[in-house]
Structure formats: C-alpha cells, structure tokens
Amino acid sequence: VKDAEAAAVSKRAGDEAFIKGNHAAAVTAYDASLLADDTNAKVWANRAAAKHKLTQYRAAVDDAKTAREVDSTYVKAWYREGCALTEMGDYESAALAFFEGMQIDGDSKDLKAGFDAAIARGRAAHSDGAKK
C-alpha cells in the first residue's frame, strides 16, 4: 500500500462516477486508486464492473480474476467474472465462475441467477449451432 488515503479518495470518485453512469471516468478513478493501493479486491471488482459497462469484457474478466486473487472470499469478483464471460459467449466458464462463487455464498440470488442465465444461454447457443 503506497497511499491508503489517496486510494480511498480515488475509489470514492470512481464509485460516484459509476453511479452517475460515467463509466470511463470510473475506470480512470479506479486506476488511480489501484496505483495507490492494489490490495483492495473491491476496487478491482468495481473496475471490472465499469469495464463491463464499457463492453471491455476481456479486461473485465482480468480485473475480476485479480480481485478474487486478492480476496478469494469476495463473491462480487466471481459474479463480475461470470457476467463478463457470459457476454463473451464463454458460457461454460461463466457458469463455473458463478458456481465457484456459490460455494462461498450459497444464498446469493445474483450468483444463482447468473449461473442459470449462463446455462440457459449456453444451451440455446448449442441448440442453435446444432440446427445449422
């Protein structure tokens, strides 16, 4: 941790930008926060969410994976990874990310919904491919 106070200020700025829908500004603020302290899983996961909103799905997956490396019990990291993988069409990996998150928090409705959606979209994609 280089500067915990600067990291916290930048995280707040990122959170505020995200809430306002300014996802590019959120990414920039989260970048600054991570430069000051790269050990906060929430910031990595929040930057993943902002990148997801910007349709930067590969980068969102990378940030989500980093978040869970920093804190393997932070279920939002697993959720963010699953969401981005779903958008990339990697339904099997998405379902696995959601499933692994559910092993930590079996009561998470978001993880369960994400898991179910990834399975359904994967089945639909498979059946569409089989029809061709």
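The rules we used
The residue numbering used here restarts from 1 in each chain and proceeds along that chain's sequence as written. Thresholds applied to this predicted model are a pLDDT of at least 70 for local features of residues and 80 or more for the giving and counting of side-chain atom pairs; totals over whole chains, interfaces and linings are not thresholded and use all residues. Side-chain numbers come from the whole structure's heavy atoms, not from hydrogens or water. Only DSSP runs of H or I with at least four residues qualify as helices, and only runs of E with at least two residues qualify as strands; both kinds are numbered from the N terminus onward. What a helix should span is 1.5 Å times the count of its residues minus one. Here a salt bridge means any side-chain nitrogen of Lys or Arg lying within 4 Å of a carboxyl oxygen belonging to Asp or Glu. Between buried and exposed lies partly exposed: a residue is buried under 20% and exposed over 50% of the maximum accessible area for its type, with that area taken using a 1.4 Å probe on protein chains only. Only rings of Phe, Tyr and Trp enter the pairing, Trp through its six-membered ring, and a pair is recorded when the two centres are within 6.5 Å. The plane angle decides the type: under 30 degrees is stacked, over 60 is edge-to-face, the rest tilted.

Novice: I'm lost on helix 1 (residues 4-19) in this one. Help?
Specialist: The periodicity of an α-helix, 3.6 residues per turn, causes residues three or four places apart in sequence to face the same way. In this model, helix 1 (16 residues) spans 22 Å end to end at C-alpha, consistent with the 22 Å of a helix rising 1.5 Å per residue. Immediately beyond the C-terminal end of helix 1, within one or two residues, lies glycine 21, with a positive phi of roughly 85 degrees.

Novice: Whenever I open this one, the pattern of salt bridges confuses me. Can you help?
Specialist: Pairing between side chains becomes possible if they bear opposite charge and their charged atoms approach one another. This model, assessed by the stated rule, comprises eight salt bridges. Linking aspartate 63 and arginine 47 is a salt bridge whose minimum nitrogen-to-oxygen distance equals 2.6 Å. You can see aspartate 63 sitting in helix 4 (residues 57-70) and its partner arginine 47 sitting in helix 3 (residues 41-53), a full 16 residues away along the chain. Each member of the pair, aspartate 63 together with arginine 47, is buried. One salt bridge connects arginine 58 with aspartate 62, and the closest N-O pair in it is separated by 3.5 Å. In this pair, arginine 58 and aspartate 62 are both assigned in helix 4, four residues apart and thus about one turn of the helix distant.

Novice: Help me out: how do you make sense of the packing of aromatic side chains in this one?
Specialist: Where two aromatic rings form a pair, the distance of their centres and the angle of their planes describe that pair. According to the stated counting rule, one finds two aromatic pairs in the structure shown. For the pair tyrosine 79 and phenylalanine 98, a centre-to-centre distance of 5.9 Å together with 55 degrees between the ring planes defines the contact as tilted. Taken as a pair, tyrosine 79 in helix 5 (residues 75-87) and phenylalanine 98 in helix 6 (residues 91-104) lie far apart in primary sequence, 19 residues in all. Ring geometry for phenylalanine 99 versus phenylalanine 115: centroids 6.3 Å apart, planes at 40 degrees, classification tilted. Remark: phenylalanine 115 occurs in helix 7 (residues 109-131) and phenylalanine 99 occurs in helix 6; sequence separation between them is 16 residues. With relative accessibility at 40%, the residue phenylalanine 99 sits in the partly exposed group.

Novice: Sorry if this is basic, but what is going on with the environment of alanine 59 here?
Specialist: Examined against the element boundaries, alanine 59 turns out to sit in helix 4. Judged by its relative accessible area of 24%, alanine 59 is partly exposed. Each C-alpha atom, one on alanine 59 and one on aspartate 116, is 23 Å from the other, the two residues being 57 residues apart in sequence.

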